[in-house]
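The residues making up each chain are set out below.
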Amino acid sequence: MQLLVYILAYPFLWLISILPYRLFYLFSDLVYILVYRIIGYRKKVVYNNLTLVFPHKSDQEIKKIQKAFYKHMCDMFLETIKTLNIGEEELKKRYATPNIDLLLDLEKKRSILVMFPHYGNWEWSIIVNRYVKSKGFAIYQEIGNVYFDRLIKKIRAIWSTTPISQKETVITMARNHQNGIKAVYGIVSDQSPQAHLAQYWTKFMNIKVPVFNGPELLAKRYDHAVVFAKVSKVKRGYYKTEFIPIALEGSKTAENEITNQFLKLTEEEIIQNPAYYLWTHRRWKHRDKVPEKYL
């Protein structure tokens, strides 16, 4: 069944990827109408998340953000498909990295962990691998359909990126460290871990939740530099990423320093323009399960 779904879907995805941009974004508008107005995909989840995080905003303001988010989400999803047939110079133009020199300087000394939130467009960040000299790894969560999972790996490989699943991350980092291989690791780090497995709870958007501290633990163990990727949507189809240092030497940071700084910078992005955050995730679903020691 997975193969059948892939065989049926792939030609359609490929056709979308070769559309001229005007038609491409017109198609995205049609997908928005389908997803938001007709299907109402996770509409209640998005609305509840927004009202929870922004309790002082009016219902009208919440719904305005909600509509803008769905428009952006449809763009972002289709832009991921567009990666099948986008040229290097075109992607460099559409995903600008004005201070890429920061990474170029850091990679001379050590490996780098680049931390992304689910904000803006994180998929097009694969263009970074066309600038750095170190080997690039994209840490990702495996897709249930093995054929689409392979497709994502294939797309990223075109851009000199080696995709590694979350369960492969520790052994890959250990092997590279042991062999003296400098690398740049990209990871989206604002997911919600299972409450009973969480080792750290703190406030995110003023609500106490469990947070992943795995990236920090790895950065400290292998003395990686840690950088935050601040993505701005310049206009439709165009993004700019500013790299902000969190730690020049991971091993010399205090406990939870990296994690807290990442969350702080993520909050600043969300507050600045909330429509570009991924509100369909149930990020605050464990807020009523806070362990006593974190209250």
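The structure displayed is predicted, hence computed values, not measured ones. (Residues numbered from 1 in each chain as written. Predicted model: local features only at pLDDT ≥ 70, side-chain atom pairs only at ≥ 80, totals over all residues. Heavy atoms only, no water.)

(A) Layout of the overall build of the protein. Counting its regular elements, the protein contains 10 helices and nine strands. The globule rule puts the C-alpha radius of gyration for 295 residues at 19 Å, and the 19 Å found for the protein is close to it. Taken along the three principal axes of its C-alpha coordinates, the protein extends 50 × 45 × 40 Å. Scored against the burial criterion, the 295 residues of the protein give a buried share of 52%. Long-range pairs, those at least 24 residues apart, make up 78% of the contacts in the protein between residues at least 6 apart in sequence. With an accessible surface of roughly 15100 Å², the protein has 55% of that area assigned to carbon and sulfur atoms. Across the protein, the mean location of the 44 positive side-chain charges is 5 Å away from that of the 27 negative side-chain charges. (Helix = DSSP H or I, 4+ residues; strand = E, 2+ residues; numbered from the N terminus. Rg over C-alpha atoms; globule rule 2.2 N^0.38 Å. Buried < 20%, exposed > 50% of the residue type's maximum accessible area, 1.4 Å probe, protein only. Contact = heavy atoms within 4.5 Å. Areas by Shrake-Rupley, 256 points an atom, 1.4 Å probe, with all protein chains shown as cover. Lys, Arg positive; Asp, Glu negative; His and termini not counted. Charge placed at Lys NZ, Arg CZ, Asp CG, Glu CD.)

(B) Summary view of the pattern of salt bridges. In this structure the tally under the stated criterion is 13 salt bridges. In this structure, Arg236 engages Asp29 in a salt bridge whose closest nitrogen and oxygen atoms are separated by 2.7 Å. A residue pair is termed long-range when its members are at least 10 positions apart, and Arg236 in the loop between strand S8 (225–235) and strand S9 (238–247) and Asp29 in helix H2 (residues 21–39) qualify at 207 residues. Given a relative accessible area of 32%, Asp29 falls into the partly exposed group. For the salt bridge of Lys92 with Glu88, the shortest nitrogen-to-oxygen distance reads 3.0 Å. Placement of both Lys92 and Glu88 in helix H5 (residues 88–94) is noted, with a separation of four residues, approximately one turn of the helix. Taking the relative accessible area as the measure of exposure, Lys92 reaches 21% and is therefore partly exposed. (Salt bridge = Lys/Arg side-chain N within 4 Å of Asp/Glu carboxyl O.)

(C) Representation of the packing of helix H8 (residues 166–178) against helix H9 (residues 214–222). Two numbers describe how H8 lies on H9: the axes approach to 11 Å, and their chain directions differ by 15°. Overall, the two elements H8 and H9 adopt an arrangement that is roughly parallel. As H8 packs across H9, the resulting crossing turns out to be right-handed. Contacts between H8 and H9 pair Thr169, Val170, Met173, Ala174 and His177 from the former with Leu218, Arg221 and Tyr222 from the latter. Grouping the constituent residues of the contact of H8 with H9 by class yields five nonpolar, two polar and one charged. (Axes fitted to C-alpha atoms, helices over the stretch in contact; angles between N-to-C directions. Parallel < 35°, antiparallel > 145°, perpendicular 65-115°, else oblique. Left-handed = near helix turned anticlockwise from the far one by under 90°. Nonpolar A, V, L, I, M, F, W, Y, C, P; charged D, E, K, R; others polar.)

(D) Quick look at the side chain of Thr259. Looking at the element boundaries, Thr259 is found in helix H10 (residues 257–272). At a separation of 2.7 Å, a polar atom in the side chain of Thr259 contacts the side chain of Glu216. Setting aside its immediate chain neighbours within four residues, Thr259 contacts Tyr200, Val211, Phe212, Asn213 and Glu216. (Polar contact = N/O pair within 3.5 Å; in protein donor to acceptor, adjacent residues only side chain to side chain.)

(E) Inspection of a positive patch on the surface at higher detail. A cluster of like positive charges, contributed by Arg37, Lys43, Lys67 and Lys71, occupies part of the molecular surface. As for its position among the elements, Lys43 is in helix H3 (residues 43–53). (Patch = residues over 30% accessible without salt bridge, like charges linked within 9 Å, V, L, I, M, F, W, Y side chains within 5 Å.)

(F) Main features of helix H7 (residues 146–158). Relative to the 18 Å expected for 13 residues at 1.5 Å per residue, H7 spans 19 Å between its end C-alpha atoms, a close match to the ideal helical length. Taken together, the buried positions of H7 are occupied by Phe148, Asp149, Leu151, Ile152, Ile155 and Arg156. One side of H7 carries all its buried residues, which in axial view fall inside an arc of 160°. Across from the buried face of H7, at angles greater than 90 degrees, the exposed residues are Arg150 and Lys154. Packed against the buried residues of H7 are helix H1 (2–17), strand S3 (135–140) and strand S4 (161–165). Where H7 terminates, the next one or two residues include Ser160, which has phi positive at roughly 65°. (Expected span 1.5 Å × (residues − 1). Arc of directions from axis to C-beta.)

(G) The sheet that holds strand S1 (residues 95–96), seen in detail. Strands sit in the order S1-S9-S8-S2-S5-S3-S4 across an open sheet of seven strands; the sheet is mixed. Each having just a single partner strand, S1 and S4 make up the two edges of the open sheet. In this structure, strand S2 (residues 112–116) lies alongside S8, joined through four bridges in parallel fashion. Counterpart to Met115 in the pairing with S8 is Phe228. H10 contacts S2, S8 and S9 of the sheet and is inclined by roughly 5° relative to S8. (Pairing = 2+ DSSP bridges.)

Don't take any of this as a statement about function, it's just geometry.
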